[in-house]
Amino acid sequence: MMRFLADAMLGSVARKLRIFGFDTLYVPDTSDNEILRLAAEQGRIILTADKELFKRMMKRGAQGVLVDGASDLDDMAHIFEKLGISADLSRMGSRCTSCNGALAQKRPDEVGGLVPATVLARHEGFWQCADCQKVYWDGGHLGRIRAFARTLEDRLADSSSTSSSSSSSKG
Ligand SMILES: [Zn+2]
């Protein structure tokens, strides 16, 4: 599974990639040299909106995608398209959006006291981050993310039907 490193401008894209289950390191306040070093060391694909950094990456043979940085949806569609990733929801909810830690599914009785009683009463699916202990539940936030994922899927389907000739050189 692909692993990513998102630079300072792409915090929101990093969180969305984590929601899809991708191991995504977010490094605000990090020099370009350090970004290049970390990515090489950890085998991560660099995501950046910085053209200068992208040029340096290409020179060094680092793997990366240059995005526009203006819209999460556009950026995600571009990244998924470039790397041939589908908007697959099967790994959704496997990674913490806050810290990139791994999430484990929990029973309601295991997260009692950690979430409001009304949430506990209304939901059955819970996940907890092994690193920062944050608790997630189905519905609400995850519901909005599912909607985002569907929009992204539609976008990918549209662009693959209109620009199929440009991707046929692959392989
Ligand atoms: Zn966490």
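Right above here is the structure, for reference.
Source: prediction; values computed, not measured.

Q: Can you walk me through the packing of helix H1 (residues 11-19) against helix H4 (residues 72-83) in this structure?
A: In a pair of packed helices, the angle between the axes and the distance between the axes together describe the arrangement. Contact pair H1 / H4: the axes reach a minimum separation of 10 Å and the direction vectors enclose 60°. Relative to H4, H1 is oriented oblique. In the crossing of H1 with H4, the sense of the turn from one axis to the other is right-handed. Along the contact surface, H1 presents Ser12, Val13, Lys16 and Leu17, while H4 presents Asp72, Asp75, Met76, Ile79 and Phe80. Partitioned by chemical class, the residues of the contact of H1 with H4 number five nonpolar, one polar and three charged.

Q: Help me understand the sheet that holds strand S1 (residues 3-7), please; the structure alone is not making it clear to me.
A: What the four strands build is an open sheet, ordered S2-S1-S3-S4; its pairing is parallel. Of all strands in the sheet, those with a lone pairing partner are strand S2 (23-27) and strand S4 (64-66), marking the two edges. Strand-to-strand twist in this sheet, taken as the mean axis angle between neighbours without regard to direction, amounts to 20°. Sheet topology places S1 next to S2; five bridges connect them, and they run parallel. Bridge pairing in S2 places alanine 6 opposite tyrosine 26. Those strands touched by H1 are S1, S2 and strand S3 (45-48), and its axis lies near 160° from that of S2.

Q: I'm lost on the sheet that holds strand S7 (residues 135-137) in this one. Help?
A: Strand pairing in a sheet relies on backbone hydrogen bonds. The paired strands run either parallel or antiparallel. Overall, antiparallel pairing links the three strands, which are arranged S5-S6-S7 in an open sheet. The sheet is open, and its two edges are formed by strand S5 (103-106) and S7, each paired on a single side. The average angle at which neighbouring strand axes cross in this sheet is 30°, direction not considered. As paired elements, strand S6 (residues 126-129) and S7 share three bridges and run antiparallel to each other. Along S7, the bridge assignment pairs tryptophan 127 with tyrosine 136.

Rules of the game
Residues numbered from 1 in each chain as written. Predicted model: local features only at pLDDT ≥ 70, side-chain atom pairs only at ≥ 80, totals over all residues. Heavy atoms only, no water. Axes fitted to C-alpha atoms, helices over the stretch in contact; angles between N-to-C directions. Helix = DSSP H or I, 4+ residues; strand = E, 2+ residues; numbered from the N terminus. Parallel < 35°, antiparallel > 145°, perpendicular 65-115°, else oblique. Left-handed = near helix turned anticlockwise from the far one by under 90°. Contact = heavy atoms within 4.5 Å. Nonpolar A, V, L, I, M, F, W, Y, C, P; charged D, E, K, R; others polar. Pairing = 2+ DSSP bridges.

Read these as spatial facts, not as claims about activity.
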